[in-house]
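Descriptive structure summary
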Amino acid sequence: MELKSRYIYIVILLAVLTSLPLWVGGFLRDALILFFLYLAAAEVWGFMAKHAGIVSLGQQIFIGVGGYTTAVLSMYFGIPMYASVIISGLLGAGLAGLLSFPLLRLRGVYFAIGTFLAAEVIRLAFSGWEFVGAGKGLIFRDAYGIPTTIIYYPALALAVISIFLVYLLYHSKLGFGLRSIGADEDVACGLGVNTFVCKATCFILASLITTLVGAVNVIHHTYLHPTSAFSISWTVNFLFVAVIGGVGTIVGPIIGSALFVAFGYLFAQYLGLSLLLEGLIVLAILIALPQGVWSAISRKLKLNLKPPL
Amino acid sequence: MDMKMPISAAAITKMHAIIMAVVIIIAAVGASASYYLTLRPGAPEYIKIGWPAPLTGTLAGFAETTPWMAQQVEDYVNNKLGGIYLSEYGKKIPIKIIIRDTKSDPDLAATIAAELITKDNVDIMLALYSPAMTNPISAQCEKYGVPCIVSQTILLSWLMGAPYEWSYAIGLAEPDFAILFFDLFDSMGDKVNKKVAMINADDPDGRGFSESIKIVAKARGYTLIDAGLVPYGAADYSSYIYNWKSSGADILTGNMLFVDFATLWRQCNELGYKPKIVAMSRALLFPSWVEAIGGELPNGLIGYTWWSPFHPYKSSITGQTASQLVEAWEAHSGKQWTPVLGLTHAVLEVAIDAVKRAGSLDKTKIRDALAETNLNTIAGPVNFKAPLTPQQQARYRPFENLMKYKDHYVVVSPVAIQWVKGSKWPWEMQVIYNWESPEIPETAKMFLLS
Amino acid sequence: MLEVEGVNVFYGDLQVLWDISLKVDKGEKAALIGPNGAGKTTLCKTIIGALPPKTGSITFLGKRIDKLSIPEIIRLGIAIVPEGRGLFGNMTVMENLELGAYASDVRRKYNDTLEWVFSLFPLLKERKNQLAGLMSGGEQQMLAIARALMSKPKLLILDEPSLGLAPKIVLKVYEVIRKICDEGVTVLLVEQYAGHALENSDKGFVLENGRIVIEGPSEKLLKDEKVRKAYLGEE
């Protein structure tokens, strides 16, 4: 009975979210798309980092691959855009699988550095690749006609899928294994947890979501440049969203992403000071609430939520 | 195994409260925001010009003059002219220039451009300062159907996104630079030999320049001693320098970051390589870059510019001449002028002119007026309908997009300049070769370095 | 049941185990004793499959296991209680137990196994929702053993079960180990302090510098002068 009414609330929430683009203004739609995209990527990034101990600084690889694949397939090969998005997702997941072999043999900070270097190599390759516009970048003209009322839905879907994925992963056998790896990889290994398979599966799933985020992002922003598509600032932003909200929680990135998007718009108005101001505010939040905003709230209200909420 | 945790009754009611709060907050914010955003008075309060600019980050040097320029023009139009007369409303309406910082991030530039369109409802957009900024911003304008004036960018790169419907550019054409330099070398006659030492950065700019030079040098009978494409931050150029020195090349050219060129030129000096002409693309644009080379070394180095206080143009808004604009900027900021100043002003001229002629804030009408622009700005004439000159046609023929989309851009012709000791600033540029713009005075005679 | 024959193990180029051979029979309690650094933990890792031997063979229930992966070996019926217990302090008792069943194919019989383990460790049932990190050292050792039992092992290897525990608690731990043995589980005890291990076992092996130097029935080893001197602290 009680559980039933909880589902009713979730249904109401989803109904509100799905009808939102029909009655809110263009700017809010725009902001919500960004909110969902950063949320989707930060949820999986936070899960990987906190529970599985896989701290990747190379998720920009998948943002870039998702964006470029989607744009190139639909512009140069005439593949329908939705199919290009799906193919890009598969490609991103496949690439994550390939990268797992060299990278996941590394642990901790070495893995982080390894992923970052892989992203740099890929960025350089794209910077010199004439077919995708090299250093001139790529303008995704075919996406001009896609209004934000449409783009809103894949963005929302990605956020919802990402949240459910994290929830299910946490409570799955795989997630259980990952959490033991995150706590102590050697012991987990001794208990018979197949650490490589667990970590690779997690990395592939997270990268799949991230690739799709990159794909939807390029449809929204219609422009690609190797320096920004493969920029570490993507991963830093995901990290920001996850950490400021409360890394390893599901609700945390929701707050983090809202703050991040709001900050983006807000600080752009302080001409010449935006980078400095944003840095200072983030620093202040992290010093005051090192566990993130959500952890602080739930502790204050004594919510006693079960992880990973 | 079943991993489901028993959930306590208290936790469920808390869940209820949270979810309900979230629903209510989203609904309230959404409703109020959409009410606020759709509330539009009959006559517009302002003519809104959106300007996402890289005020911080790696491109900040380009946008340095943006806020000042916007303030100057806004004050002048609103206070001195009482606004812009729009026939549709039968009255003058003040302008509002909304600047936002893109942090030099192309993705944020797109986000901010979309915000200016969807939230601030700007009537026209400005997109300046390198392809990394102009391309994402004009892409958003195309997407939402907002007139956009693009400038201070490389046309070939911007035209990657062609055909454009809403965007018009006042830009620079890469093929011009190599020809400008070789026309200058040719004008020296027998005073220099036809051996050219060349070095380029290993990036798209460097690669493009290298390709153009190779074609022109071959056509005009010059021998290239090419060091090839060199990565950023090289510490030692001596092997190239010895090679150039032994081959006796009188001319050194290339396209590099200014820091790398500074290293190269210092080493040339130390190793006794003394070309008669050093003509560099990119590295010698800004006075601060030239000064960074150090000592007496910048003296006589040759570059190009697309604007200077010597350009005989004036503003269609304020009537200021190029040199008056430079004086105003230097008095305000205490900083030396840069070539960016002219186009930063000219885009505002073109924007205001288009809105004035449209007589309306209807975006299609503004766009159509923009297409018909025929205006003499502080950066020279802007007329998108004007045909290419025969020389330009010859130069641009290999580049399909430049030929095909002529109606969406005008090219600002560069002139060659030489850096010399200044009276007001350490290093000042003199126009030594006006090339295809006879109206621009040559302010000094070029001298050879040895 | 377990037969290790002529095993040589290397860390990179460094040989740490030389020609190890030992045999544990079904239902037996065997003790492996030796000083710190002798290679006891390395031998445990080798048996469980975490470190492949360079030469030699390991047979379990008549099947070669020295080329198998850890999960495969666990499924065949070997479990280990690692040195230092290796509990997940931030997880509950229940979650730690569930991890013990992670690799094994008795997951289907998970509830039966859990009941069996709770019958051996009634305390853990009471504390099942407590974080493992908040328990006392003795309780943690019990949990570590319980977790290993969750894979329903036929052979249980205990690496230093008495390490860092008060003497009274150690007695309790050994009581539990005896109980487990009575349940039909074969036990390999690995200990630095030989007293309890030898008193509670049928046969013993002494490992020194990576080699087995003495072996025999535990009673005999307890009387062995060298063993008494080196491992029982007698002059």
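Residues numbered from 1 in each chain as written. Chains lettered and ligands numbered in written order. Predicted model: local features only at pLDDT ≥ 70, side-chain atom pairs only at ≥ 80, totals over all residues. Heavy atoms only, no water.

1. A few points about the overall build of chain B
Scanning chain B for helices and strands turns up 16 helices and 17 strands. Over its C-alpha atoms, taken along the principal directions, chain B stretches across nearly 90 × 75 × 45 Å. Scored against the burial criterion, the 450 residues of chain B give a buried share of 59%. Partitioning the intrachain contacts of chain B with sequence separation of at least 6 by distance along the chain shows that 68% fall at a separation of at least 24. In the structure as shown, chain B presents an accessible area of about 17200 Å², 55% of it carried by carbon and sulfur atoms. Charged side chains in chain B number 39 positive and 43 negative. The centres of these two groups are separated by 2 Å. (Helix = DSSP H or I, 4+ residues; strand = E, 2+ residues; numbered from the N terminus. Buried < 20%, exposed > 50% of the residue type's maximum accessible area, 1.4 Å probe, protein only. Contact = heavy atoms within 4.5 Å. Areas by Shrake-Rupley, 256 points an atom, 1.4 Å probe, with all protein chains shown as cover. Lys, Arg positive; Asp, Glu negative; His and termini not counted. Charge placed at Lys NZ, Arg CZ, Asp CG, Glu CD.)

2. Details of the side chain of serine 298 of chain A
All names here are of chain A. The residue serine 298 is located in helix H14 (residues 293-300) in this model. Looking at serine 298, the relative accessible area reads 16%, which means it is buried. Here serine 295 takes part through its backbone oxygen, which lies 3.3 Å from a polar atom of the side chain of serine 298. Excluding anything up to four places from it in sequence, serine 298 contacts Leu303 and Asn304. (Polar contact = N/O pair within 3.5 Å; in protein donor to acceptor, adjacent residues only side chain to side chain.)

3. With respect to the pattern of salt bridges
In this structure the tally under the stated criterion is 29 salt bridges over all chains. A salt bridge links glutamate 95 of chain C to arginine 179 of chain A; its shortest N-O distance comes to 2.3 Å. Within this pair, whereas glutamate 95 of chain C is found in helix H3 (residues 93-100), its partner arginine 179 of chain A is found in helix H7 (residues 173-183), the two belonging to separate chains. For the pair formed by glutamate 95 of chain C and arginine 179 of chain A, the shared burial category is buried. Between glutamate 372 of chain B and lysine 385 of chain B there is a salt bridge whose closest N-O contact spans 3.1 Å. Placement of glutamate 372 of chain B in the loop between helix H14 (363-371) and strand E13 (374-377) and of lysine 385 of chain B in the loop between strand E14 (380-383) and helix H15 (390-396) is noted, with a sequence separation of 13 residues between them. The partly exposed category is assigned to lysine 385 of chain B, whose relative accessible area is 43%. (Salt bridge = Lys/Arg side-chain N within 4 Å of Asp/Glu carboxyl O.)

4. Considering the domain arrangement of chain B
Residues and elements named next belong to chain B. Annotation of chain B at the domain level lists domain 1 (47-174 + 309-411) and domain 2 (176-307 + 415-433). The distance between the C-alpha centroids of domain 1 and domain 2 comes to 30 Å. On the domain 2 side, the residues contacting the 28 residues of domain 1 number 18 residues. The interface formed by domain 1 and domain 2 holds two salt bridges in total. Between the two partners, domain 1 and domain 2, sit ten residue pairs in polar contact (both at pLDDT 80 or more). Listing elements by their share of the side of domain 1 that touches domain 2, those giving two or more residues are helix H2 (60-63), helix H12 (322-333), helix H13 (340-358) and H15. (Domains from an automatic or database assignment.)

5. With respect to the packing of H3 of chain C against helix H4 (residues 110-120) of chain C
All names here are of chain C. Contact pair H3 / H4: the axes reach a minimum separation of 11 Å and the direction vectors enclose 120°. Taken together, the axis directions place H3 and H4 in an arrangement best described as oblique. The handedness of the crossing between H3 and H4 is right-handed. Between H3 and H4, the residues in contact are Met94, Leu97 and Glu98 and Tyr110, Leu114 and Phe118, respectively. When the residues that make up the contact of H3 with H4 are grouped by side-chain class, the tally is five nonpolar, no polar and one charged. (Axes fitted to C-alpha atoms, helices over the stretch in contact; angles between N-to-C directions. Parallel < 35°, antiparallel > 145°, perpendicular 65-115°, else oblique. Left-handed = near helix turned anticlockwise from the far one by under 90°. Nonpolar A, V, L, I, M, F, W, Y, C, P; charged D, E, K, R; others polar.)

6. Details of the environment of leucine 208 of chain A
Residues and elements named next belong to chain A. With respect to the element layout, leucine 208 can be found in helix H9 (residues 195-221). Given the relative accessible area of 26%, leucine 208 is considered partly exposed. C-alpha separation for the pair leucine 208 and valine 44, spaced 164 residues apart in sequence, amounts to 9.8 Å. Apart from the residues within four sequence positions on either side, leucine 208 is in contact with Gly89, Leu90 and Ala93.

7. What about unusual backbone geometry?
For the peptide bond that leads from alanine 162 of chain B to proline 163 of chain B, omega is 0°, which places it in the cis range. Relative to the helices and strands, proline 163 of chain B is located in the loop between helix H6 (155-158) and strand E7 (167-172). Residue aspartate 19 of chain C is not a glycine yet carries a positive backbone phi of 45°. Relative to the helices and strands, aspartate 19 of chain C resides in strand E2 (residues 14-24).

8. Considering the sheet that holds E7 of chain B
All names here are of chain B. Judged by pairing direction, the sheet is parallel, and its six strands sit side by side in the order E4-E1-E5-E6-E7-E15 without closing on themselves. Of all strands in the sheet, those with a lone pairing partner are strand E4 (95-101) and strand E15 (409-411), marking the two edges. Mean inter-strand twist for the sheet, computed between neighbouring axes without regard to direction, equals 15°. Sheet analysis places strand E1 (residues 47-53) next to E4, joined by seven bridges and oriented parallel. By the bridge assignment, lysine 48 is partnered in E4 with lysine 96. Its contacts with the sheet place helix H4 (residues 106-118) against E1, E4 and strand E5 (124-128), and it is angled at close to 150° to E4. (Pairing = 2+ DSSP bridges.)

9. Remarks on the packing of aromatic side chains
Counted under the stated rule, the structure contains 39 aromatic pairs over all chains. On the numbers, 4.8 Å between centres and 70° between planes, the contact of phenylalanine 27 of chain A with tyrosine 265 of chain A is edge-to-face. In this pair, phenylalanine 27 of chain A is assigned in helix H2 (residues 26-51) and tyrosine 265 of chain A in helix H12 (residues 251-267), connecting sequence segments 238 residues apart. Both rings, one in phenylalanine 286 of chain B and one in tryptophan 289 of chain B, keep their centres 4.8 Å apart while their planes meet at 40°; by these two values the pair is tilted. The pair phenylalanine 286 of chain B / tryptophan 289 of chain B is uniform in exposure class, with both members buried. By the ring-pair criterion, three or more aromatic residues cluster together here, those being Tyr38, Trp234, Phe238, Phe240, Phe260, Phe263 and Phe267 of chain A. The ring of tyrosine 170 of chain A has arginine 179 of chain A lying over it, and the distance from NZ or CZ to the ring centre is 4.1 Å. Residue placement shows lysine 406 of chain B over the ring face of tyrosine 409 of chain B; its charged tip is 5.0 Å from the ring centre. (Phe/Tyr/Trp six-rings, centres within 6.5 Å; stacked < 30°, edge-to-face > 60°. Lys NZ or Arg CZ within 6 Å of the ring centre and 35° of its normal.)

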